[in-house]
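Observations on chain architecture
Listed below, chain by chain, are the residues.
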Amino acid sequence: MEFDLTQRQQNILLAIVLDYIASAEPVGSRTISKKYELSLSPATIRNEMAELEEHGLLTQLHSSSGRIPSDMGYRTFVYYLMEKPALSDNEKDTIKSIQHNTSKLELILEQSARVLSALSNTVAIIQFPETNKDFVKHFQLLPISDSSFVIVIVSNTGKVSDFLVKLEHPVEENFFNYLTNYFNEELLGISFSQLHRKLNELITGNIRHDNVLKNIYNTIKDNLNLEKSKICVSGTSKLIKEPEFTENEKAHSLLNFFEHNENSKELSEILLNSGQVMGEKEEPLILIGREIKISQLQNCSLIMGSYRIGNEVSGSIGLLGPTRMQYGKSVATLEEMIKNLSYLLTKL
């Protein structure tokens with residue numbers, strides 16, 4: 001991204017972005033002149049603001065109002081002008097207070113999302129670990145009746161998946177124990193990405209238990225594919241309370257977005273794709289406004305990073321707020337949470 005602003009223009013753009021983030025009100029030249037020690041007259045500031053608007057970095061909602069940053073203005077701020085503050089000891093302690101004595105993946109992700117949202121005052125989104133990086137640690141069939149049972153699969157990351165299976169014909173209870181032992185012998189240590197292939201091998205030619213095994217195979221195949229899009233979300237009410245979304249129509253649109261599973265899948269897909277783009281990079285990725293490519297979120301920004309289990313990048317974690325969000329503080333908070341979450345999940 002080309003950056004050819006004069007020092008004066010940089011100072012004015014920085015002042016406008018910081019003021020608008022804090023106030024949610026368009027910023028005028030007099031405000032800049034009074035609040036920021038730039039040693040410039042309102043008239044000079046007005047001229048420079050007009051230049052910044054021509055560059056596409058500022059926009060004006062009404063001819064009589066001050067300016068606000070455009071998406072490009074925020075992008076310039078993030079690339080060149082943003083400062084990342086250090087978190088306080090209290091904020092770090094809050095992140096570290098997330099339970100260390102639990103082996104439940106979902107509980108760790110839910111607590112992490114709640115704390116992250118509270119500290120950043122944004123929506124926190126955490127993608128469940130990618131199943132293709134998990135392997136089977138435990139496999140069990142729990143009978144409910146002689147014609148129905150629950151498949152329970154526990155991964156090395158502590159993720160528990162359970163699926164209900166109903167059979168056309170009843171079977172004896174000891175049959176479930178037999179299959180549990182059989183599958184544990186064959187499937188322990190198998191990666192989730194290889195699970196479908198391995199199950200298919202086990203059921204091929206097994207005429208005696210053909211229908212039961214096919215039910216197990218199809219149930220696991222269908223449901224594990226659905227879990228790829230699973231995300232944990234906390235703090236949607238914080239976004240709706242922001243001044244940008246106080247209009248009923250905008251608030252209703254946002255609420256609808258988060259209430260529909262299809263939209264969660266769309267958001268999960270962005271996290272997944274961004275995780276692949278980020279790869280091994282340590283710095284969070286920031287999408288601003290229309291870069292998110294979801295119509296309901298085009299007044300928002302999304303800051304994303306990747307957490308690890310051991311040395312492997314295993315999932316994405318993000319903060320969603322208005323384009324007017326506290327970028328520097330949000331990045332610092334996200335980075336601290338990534339360190340803590342990676343530590344907790346590696347210990348599972």
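You'll find the structure just up there.
Residues numbered from 1 in each chain as written. Predicted model: local features only at pLDDT ≥ 70, side-chain atom pairs only at ≥ 80, totals over all residues. Heavy atoms only, no water.

1. A closer look at the packing of helix H6 (residues 105-120) against helix H13 (residues 327-347)
So the rule is basically this: Between the N-to-C directions of two axes lies an angle of 0 to 180 degrees, each axis being a line fitted to C-alpha atoms and, for a helix, fitted only over the stretch in contact. Labels follow the DSSP assignment, with helices taken as runs of H or I lasting at least four residues and strands as runs of E lasting at least two, numbered in each case from the N terminus. In what follows, roughly perpendicular refers to angles from 65 to 115 degrees, roughly parallel to angles under 35, roughly antiparallel to angles over 145, and oblique to any angle outside these ranges. By convention the crossing between two helices is left-handed if the near helix lies anticlockwise of the far one by an angle smaller than a right angle, and right-handed if it lies clockwise. Residues count as neighbours in contact if any of their non-hydrogen atoms are within 4.5 Å of one another. Three residue categories are used. Nonpolar comprises Ala, Val, Leu, Ile, Met, Phe, Trp, Tyr, Cys and Pro, charged comprises Asp, Glu, Lys and Arg, and polar comprises the others, including Gly.
In contact at an axis separation of 10 Å, H6 and H13 are set at 165° when each is read in the N-to-C sense. On the basis of their axis angle, the class for H6 and H13 is roughly antiparallel. Seen from above, H6 lies across H13 with right-handed handedness. The residues of H13 that touch H6, namely those facing Leu105, Ile108, Leu109, Ser112, Val115, Leu116 and Leu119, are Lys329, Thr333, Leu334, Met337, Leu341, Leu344 and Leu345. Among the residues making up the contact of H6 with H13, the classes are represented as eleven nonpolar, two polar and one charged.

2. Concerning the packing of aromatic side chains
Note the following rule: Two rings belonging to Phe, Tyr or Trp (six-membered ring only in the last case) form a pair when the distance between their centres is within 6.5 Å. Interplanar angles under 30 degrees mark stacking, angles over 60 mark edge-to-face geometry, and anything in between is tilted. Partly exposed residues are those whose accessible area sits between 20% and 50% of the maximum for their type, while under 20% is buried and over 50% is exposed, using a 1.4 Å probe and protein chains only.
Scanning the model with the defined rule gives nine aromatic pairs in all. Between the aromatic rings of Tyr74 and Tyr327, the centroid separation amounts to 5.8 Å while the plane-to-plane angle is 45°, which identifies the pairing as tilted. Pair noted here: Tyr74 is in helix H4 (residues 71-81) and Tyr327 is in helix H13, with a separation of 253 residues, a long-range link. Using a relative accessible area of 1% as the deciding quantity, one classes Tyr74 as buried. Note on Phe139 and Phe183: the rings are 4.9 Å apart at their centroids and 50° apart in plane angle, and the pair reads as tilted. Taken together, the positions of Phe139 in strand S4 (residues 136-145) and Phe183 in helix H7 (residues 173-187) put the pair 44 residues apart, joining distant regions of the chain.

3. Things to note about the side chain of Ser117
Note the cut-off: Under the rule applied, a polar contact is a pair of N or O atoms within 3.5 Å (in protein, one hydrogen donor and one hydrogen acceptor; residues adjacent in sequence only if both atoms are side-chain atoms).
One can find Ser117 in helix H6. Side-chain polar atoms of Ser117 contact the backbone oxygen of Thr122, separated by 2.7 Å. Ignoring any residue separated from it by four or fewer positions in sequence, one finds Ser117 in contact with Thr122, Ala124, Ser234, Gly235 and Lys238.

4. Some remarks on the sheet that holds strand S3 (residues 123-127)
The line we're drawing: At least two DSSP bridges between two strands are needed for those strands to be called paired.
What the five strands build is an open sheet, ordered S7-S3-S10-S9-S8; its pairing is antiparallel. The open sheet has two edge strands with one neighbour each: strand S7 (231-234) and strand S8 (285-288). Across the sheet, the axes of successive neighbouring strands diverge by a mean angle of 20°, strand direction being ignored. Bridge count for S8 against strand S9 (residues 300-309) is four bridges, and the pairing is antiparallel. Across the sheet, the residue bridging to Leu287 is Leu302, located in S9. In the packing of H13 onto the sheet, the strands contacted are S3, S8, S9 and strand S10 (312-322), and the crossing angle to S9 comes to about 25°.

5. Describing the layout of surface pockets
Here is the rule we go by: Cavities and pockets were defined on a 1 Å grid built from protein atoms only: a cavity is a group of points that admits a 1.4 Å probe but offers it no way out, a pocket is an open group of points flanked by protein on both sides within 12 Å along at least five of seven lines, and a lining residue is one with an atom within 4 Å of any such point. Grid points are joined across faces, edges and corners, and a volume is the space filled by probe spheres set on the points.
Considered as a void within the structure, the largest pocket measures approximately 550 Å³ in volume. Lining the largest pocket are 23 residues, and of these Tyr20, Leu61, Ile68, Glu244 and Asn299 lie nearest its centre. At the level of secondary structure, the elements contributing two or more residues to the lining of the largest pocket comprise strand S2 (67-69) and H4. Looking at the lining of the largest pocket residue by residue, the class counts come to eight nonpolar, eight polar and seven charged.

6. As for the side chain of Ser342
For Ser342, the position within the fold is in helix H13. At a separation of 2.9 Å, a polar atom in the side chain of Ser342 contacts the main-chain amide nitrogen of Arg308. Sequence-distant contacts of Ser342, that is, excluding residues within four places in its chain, are made with Tyr307 and Arg308.

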